[in-house]
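Inside the fold
What follows is the residue order along each chain.
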Amino acid sequence: MSENVFEVDHLGLYYLGRFGDKTHAVTDVSFSMKQGEILGIAGESGCGKSTLVSGLMGMCIPPLYPESGDVRVKNGDKMESLMNRDIEDVRANVLAQQVSMIPQGAFNALNPVRKIKDIAADVLKAHARPGEKQDAKQIYDRVYAHFDRIGMDTKRVLNSFPINLTAGERQRCVIAISTILLPKMVIADEPTSALDVSTQKEVIKMIFDLLDKGIFQSMIFITHELPLLYHVADNIAIMYAGEIVEKGTAEQVVKDPRHPYTQALMGAMLSTEASQRGRHPVAIEGAPPSLKNKIVGCRFAPRCSKACPDCKKNTQNLRIVGDRDVRCDYAK
Amino acid sequence: MQSDKPIVFSAKRISKDFGAGKSLKTAVKDVSFDIYDEEFISIVGGSGCGKSVLAKIMLGLYQPTRGQFLYRDKPIKNLKDHWNEVQSVFQDPFGCFNQFFTIRSQLEDALNILKDKPSKEEVRRRVDEGLKAVNVAPADIEGKYPFELSGGQMQRMLLARIFALRPKVLIADEATSMVDACVRANILDYLRKLKDELKMTVVFVTHDIGLANYVSDRIFIMHDGKIVNQGTPAEVLDNTNEPHTLRLLDDIPEVHKTEWIKNSHRSKK
Ligand SMILES: Nc1ncnc2c1ncn2[C@@H]1O[C@H](COP(=O)(O)OP(=O)(O)OP(=O)(O)O)[C@@H](O)[C@H]1O
Ligand SMILES: Nc1ncnc2c1ncn2[C@@H]1O[C@H](COP(=O)(O)OP(=O)(O)O)[C@@H](O)[C@H]1O
Ligand code: SF4
Ligand SMILES: [Mg+2]
Ligand SMILES: [Mg+2]
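In what follows, the accompanying structure is described. Treat the numbers as computed from the prediction; the structure is a model and nothing was measured.

This part covers the coordination of the magnesium ion (ligand 4). Residue and element names in this part refer to chain A. In this structure, Ser50 (OG) and Gln104 (OE1) serve as the protein donors to the magnesium ion (ligand 4), at separations of 2.1 Å. In this pair, Ser50 is assigned in helix α1 (residues 49-56) and Gln104 in the loop between β6 (99-102) and α3 (116-126), connecting sequence segments 54 residues apart. Given a relative accessible area of 31%, Ser50 falls into the partly exposed group. For Gln104, a relative accessible area of 37% corresponds to the partly exposed category.

So, on to the packing of aromatic side chains. Under the definition given, this model contains 11 aromatic pairs over all chains. Taken together, a centroid distance of 5.1 Å and an interplanar angle of 80 degrees make the contact between Tyr240(A) and Phe300(A) edge-to-face. Of this pair, Tyr240(A) sits in strand β9 (residues 235-240) while Phe300(A) sits in the loop between α10 (260-267) and β11 (319-321); the two residues are 60 residues apart in sequence, bridging distant segments of the chain. There is no split in this pair, since Tyr240(A) and Phe300(A) are both buried. Where Tyr145(B) meets Phe147(B), the ring centres are 5.9 Å apart and the plane angle is 15 degrees; that geometry is what we call stacked.

Here we take up the site of ligand 3. Surveying the vicinity of ligand 3 reveals the residues His259(A), Pro260(A), Cys298(A), Ala301(A), Cys304(A), Lys306(A), Ala307(A), Cys311(A), Gln316(A), Cys328(A) and Tyr330(A). Of the residues assigned to the shell around ligand 3, the class counts are eight nonpolar, two polar and one charged.

Okay, the sheet that holds strand β6 (residues 169-173) of chain B next. All names here are of chain B. A sheet is described by the order of its strands in space; here six strands give the open sequence β5-β6-β7-β3-β8-β9, paired in mixed fashion. Looking at strand neighbours, the two that pair on one side only are β5 (86-89) and β9 (226-231), the edges of this open sheet. Adjacent strand axes in the sheet meet at a mean angle of 15 degrees when their direction is disregarded. Here strand β3 (residues 40-44) runs beside strand β8 (residues 218-223); their pairing, made up of four bridges, is parallel.

Turning next to the site of ligand 2. Near ligand 2 there are 14 residues, and of these Gly46(A), Lys49(A), Ser50(A), Thr51(A) and Glu148(B) occur at the shortest range. Neighbouring residues of ligand 2 are not confined to one chain but are distributed across chains A and B. At 2.9 Å from an oxygen atom of ligand 2 is found a side-chain nitrogen or oxygen belonging to Lys49(A). Contact between ligand 2 and Glu148(B): an oxygen atom at 3.1 Å from a main-chain N or O atom of the residue. Summarising the interface, the protein chains cover 86% of the accessible area of ligand 2, which totals 570 Å² for the free molecule. Counting residues per element, the shell around ligand 2 draws most heavily on α1(A), which supplies three residues.

Conventions we followed
Residues numbered from 1 in each chain as written. Chains lettered and ligands numbered in written order. Predicted model: local features only at pLDDT ≥ 70, side-chain atom pairs only at ≥ 80, totals over all residues. Heavy atoms only, no water. Donors = N, O, S within 2.8 Å, 3.2 Å for Na, K, Ca; no water. Helix = DSSP H or I, 4+ residues; strand = E, 2+ residues; numbered from the N terminus. Buried < 20%, exposed > 50% of the residue type's maximum accessible area, 1.4 Å probe, protein only. Phe/Tyr/Trp six-rings, centres within 6.5 Å; stacked < 30°, edge-to-face > 60°. Near = heavy atom within 4 Å. Nonpolar A, V, L, I, M, F, W, Y, C, P; charged D, E, K, R; others polar. Pairing = 2+ DSSP bridges. Axes fitted to C-alpha atoms, helices over the stretch in contact; angles between N-to-C directions. Polar contact = N/O pair within 3.5 Å; in protein donor to acceptor, adjacent residues only side chain to side chain. Areas by Shrake-Rupley, 256 points an atom, 1.4 Å probe, with all protein chains shown as cover.

This is the structure in structure tokens:
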């Protein structure tokens, strides 16, 4: 059995509001990952996915603060904590070689006045090891070699400004740049959500190609598209209102969901099949709870079709149901 | 559909050019269609195929370079009058809200463009209704500014605005690309309801052919500026040979597909 490369223990994160109020965007998130694993995290907008990503990277930048828990990354032969450390220290000593992030919407945020090769070179320069001298030629050679290895049209793409590339090309560049330091693991926040289905498939193909080539080994893939995760991820965690409510293999979670929220998500799926036409996907009424106040009882209770009076009183903890974790006392 | 309803939009061989000479780009190429009152039309295609340009022509933001485009039998002249009846939800939710005002005040302000201005209480009530329609508790956005919401939440704010405005014609461009399945189903249900109750005409622009299958009376498939396939969902999707439609169907990751993509990574284990 391979050892863990990433561990998250009871992580809680909050945003501090202008009036001292707190939004508890992530609560009690725990999981671990083995080398080579693709973990998918899905949940509706505002459920805390991007916030979680900041926490996983140890990047709690005000107004975001850690509330509880720990995040550990394998560094050499030990697990190293990212919490309560200087962000620059984490960035330089752990993240550069171990974990890289593809931020949501990054491909629309590339510096418009710099060519792709310069943006990539900047990343290499910023992460030069202390004392390491690299001349410009060496740096640009590394940029070319990396883009070439992952099958990009180096001549054209590297000499382009972001605006002259399509959204799909820009996203492929972002992925190339994010992996240029050869991290062990990549955390991708909605890398394909803003792309059309054909471009999305191209980007997924590229990601699998990078995995095949061993450019990185493990990945956390965040999206709100559960069907996409079904095809991409080994394991899937479903988030609701800041918590993980179900976690299991892709097959278990998608084909045989046990938490009422996951079941509702699957029931709301749209499809191109003729048999589905005119069928009304069952939308869940109501909204997720406000994360400002302390929530008593199950967070899904106000919208759950299976809720009973106790659900509103008892806080739900993850427990094993049908071989996977489910946060519902009544799931079977 | 040969409808007996009046025609809302009529396009006769319209094209739209941008630039000239070497940099000439024809975004819409010789496109013709009629859209009838109370129809739900989906325009589906990949990035850059011309969907948004077509949507902007319908909104009067662009004039076609060639061909004839009519709204209820007349060319679009006065934009203010046009927008009193035709409203839009566009891609990029952040671009549509001013970062310096609260969401609530901007939603309420939107109602001020209407010719018959509703009363203050009515404005509040309609904004609340709009928020509920997109599954957001009004208390949750009270006092909040756009930068305090996630991307999907902002997209819902745009839809809330539409629900409050109740236009005769709605042009929705990628209105649900950033929300999850439940919210999407909710929004579609609500659009359907609005359409039935207000007898609204909806033009829905999307990448997602599955969504179009569920919701539309007719689907237009676009590719490279042209409409390459059109008809009812059954006509367009079932047993089609049209290659661009097939590609769109192929590339959508659906759970019932056994191998959407070759996942060599997973099979290694
Ligand atoms: N103002 C403009 N000037 C020049 N070219 C334009 C302009 N607007 C659009 N285009 C070009 O017209 C084509 C169609 O663009 P459009 O934005 O309509 O595509 P789309 O189908 O909406 O794509 P997406 O799904 O990515 O939004 C593209 O090649 C685009 O680059
Ligand atoms: N800068 C911020 N200040 C206050 N609240 C925020 C901020 N950014 C996000 N939030 C809140 O945190 C929650 C999670 O947001 P986010 O992680 O961006 O969601 P998503 O799952 O769509 O990525 C939401 O309730 C959102 O409104
Ligand atoms: S604990 Fe109760 S309300 Fe919560 S998901 Fe389970 S059945 Fe539904
Ligand atoms: Mg996000
Ligand atoms: Mg568009």
